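Chain and residue survey
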Amino acid sequence: MVGYEKRYDQRFLLLPRWPRIAGNRTRFSIPAAMASDRGTGPGVLFAIDKGVQQLISSLSETGARLGRVRDVDIHRLGYLVDRLLESLHHNLPEAERLLYSWADTIFAPKVVLRQYLMALGLEMTLFIYHLCYRLGARLVNRMTVKGRQISETRRRMAKAKNYYEWLKCAERMDELEGKNRWREVPESTLYNHRMLQEKINQFNNMMQNGDVFQLMFVLRGGISRNQFGLLNEGLYQHAYSGTKKIVERYLEVVVKALNFVCDVNPSLDNISADVKLAFFNETRHAFGRTALLLSGGAGLGFYHVGFVKALFDQGILPRVLSGASAGSIISSMIGVRTDDELYAMFTDGIARLDFFKLYKRRTKAAAAATATSGAGC
């Protein structure tokens with residue numbers, strides 16, 4: 001193996017001080033090249049070849065000593081190693097060119113600027129499209145009778161003083177925009193309407209048959225907030241006045257079933273008050289409590305007062321309150337008051353809901369006073 005020779009292509013060697021001449025092939029023996037290497041040749045390559053030669057020599061000596069490895073196997077191993085080195089030398093330039101092309105594509109100023117301009121143009125196109133769509137919708141609303149009715153109903157919704165006025169306008173909006181048809185049709189990919197209908201029928205049959213124990217068993221573990229996809233946001237973003245009729249009917253049936261269990265006569269059905277109390281505690285624990293979380297927003301936090309007032313008027317203000325920044329102030333104001341004190345706060349004007357209007361009036365009055373004093377001087 002000392003006189004073993006190998007061809008190397010100099011144009012594939014990416015090392016310093018090595019001539020890159022296309023097509024120039026040098027034939028040399030590995031020992032002679034290693035002996036003449038004084039820093040002007042590819043020292044790394046020669047070091048690899050030297051290690052390969054030492055490995056082959058050691059394997060040859062070991063095989064000859066143990067009688068397990070023959071010379072033909074050693075020559076075959078050397079041939080495979082040389083083929084591996086040759087493949088590595090031929091693939092290095094391709095990897096180098098690919099790396100340079102990626103770097104040029106990613107970090108080149110022209111390419112980056114072109115991509116930025118394309119993204120900016122796309123954003124401007126979408127903005128202009130939405131702007132034209134809104135202007136066109138407003139123009140159509142002003143030109144048609146139905147459009148004028150929709151605009152008037154929206155203004156009434158914005159100026160509604162309580163939930164009942166707003167709900168009346170919302171139902172009118174659903175009628176004008178055709179949202180009631182969507183509410184009447186139970187089929188939708190947003191939730192499982194078939195399972196929901198089966199649950200409604202099951203509760204109704206149990207109440208009709210008077211099967212209180214089975215009804216309690218089903219209610220204890222059969223109702224949850226996200227059951228059948230009822231918490232899907234799409235169900236509550238389509239119409240103004242509500243969601244699918246079947247969803248509202250399901251909630252009504254569940255409330256009716258709970259009232260049915262509560263109104264059962266203990267002496268007739270052998271259900272004591274302690275059993276009922278345990279049932280409702282377990283059901284409430286499984287269903288969970290509703291919490292109200294109020295976000296921050298500096299002066300905009302005063303809008304939380306109107307939201308809390310609407311919930312309080314409907315009797316659905318949660319008992320668990322939390323808030324951040326301005327929301328924490330409103331939460332503390334609500335949490336330390338009883339229901340009577342909250343009613344007085346909302347009705348007697350302790351918490352002024354026209355804060356921003358008063359601020360504008362004071363600002364205008366201060367500006368007028370400043371102008372008057374300046375004119376007098």
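Here we summarise the structure given alongside this text. (Residues numbered from 1 in each chain as written. Predicted model: local features only at pLDDT ≥ 70, side-chain atom pairs only at ≥ 80, totals over all residues. Heavy atoms only, no water.)

**Structural notes on the packing of helix α9 (residues 212-222) against helix α12 (residues 273-287)**
- It is the contact of α9 with α12, at a shortest axis distance of 8 Å, that shows an interaxial angle of 25°. Here α9 is positioned roughly parallel relative to α12, judged by the angle of their axes. Counted together, Met216, Leu219 and Arg220 of α9 and Val275, Phe279, Glu282, Thr283 and Ala286 of α12 form the full contact between these two elements.
- Its residues assigned to classes, the contact of α9 with α12 comprises five nonpolar, one polar and two charged. (Axes fitted to C-alpha atoms, helices over the stretch in contact; angles between N-to-C directions. Helix = DSSP H or I, 4+ residues; strand = E, 2+ residues; numbered from the N terminus. Parallel < 35°, antiparallel > 145°, perpendicular 65-115°, else oblique. Contact = heavy atoms within 4.5 Å. Nonpolar A, V, L, I, M, F, W, Y, C, P; charged D, E, K, R; others polar.)

**Some remarks on the nonpolar core**
- The biggest cluster of nonpolar side chains holds 25 residues, and the ones touching the most others in it are Leu196, Phe203, Leu215, Leu219 and Tyr250.
- Of all the secondary structure elements, the ones that give two or more residues to this core are α8 (193-209), α9 and α10 (245-262).
- Counting residues per element, this core draws most heavily on α10, which supplies seven residues.
- Leu215 has contacts with Phe203, Met206, Met207, Ala257, Phe260 and Val261, leaving out every residue within four places of it along the chain.
- The next biggest cluster of nonpolar side chains, apart from the first, holds eleven residues, and it includes Leu292, Val305, Val308 and Met345. (Core = buried A, V, L, I, M, F, W, Y, C linked by side-chain atoms within 4.5 Å. Buried < 20%, exposed > 50% of the residue type's maximum accessible area, 1.4 Å probe, protein only.)

**Topic: unusual backbone geometry**
- With a phi angle near 60°, Phe228 is a residue other than glycine that sits in the positive phi range.
- Along the polypeptide, Phe228 turns up in the loop between α9 and α10.
- A relative accessible area of 17% means that Phe228 is categorised as buried.
- A positive phi angle, close to 60°, is found at Ser325, a residue other than glycine.
- With respect to the secondary-structure elements, Ser325 resides in the loop between β4 (320-323) and α14 (326-335).

**Some thoughts on the packing of aromatic side chains**
- Evaluation of the coordinates by the stated rule reveals five aromatic pairs.
- Relative to Tyr164, the ring of Tyr163 lies with its centre 6.2 Å away and its plane at 65°, an arrangement referred to as edge-to-face.
- Residue Tyr163 is classed as partly exposed on the basis of its relative accessible area, which comes to 37%.
- Ring plane angle 50° and centroid distance 5.8 Å describe the contact between Phe312 and Phe346, whose orientation is recorded as tilted. Taken together, the positions of Phe312 in helix α13 (residues 303-314) and Phe346 in helix α15 (residues 339-347) put the pair 34 residues apart, joining distant regions of the chain.
- With a relative accessible area of 10%, Phe346 lands in the buried category.
- Within the aromatic cluster, the residues linked to one another by ring pairs are Tyr163, Tyr164 and Trp166.
- Against the face of Trp182 rests Lys244, its NZ or CZ located 4.3 Å from the ring centre. (Phe/Tyr/Trp six-rings, centres within 6.5 Å; stacked < 30°, edge-to-face > 60°. Lys NZ or Arg CZ within 6 Å of the ring centre and 35° of its normal.)

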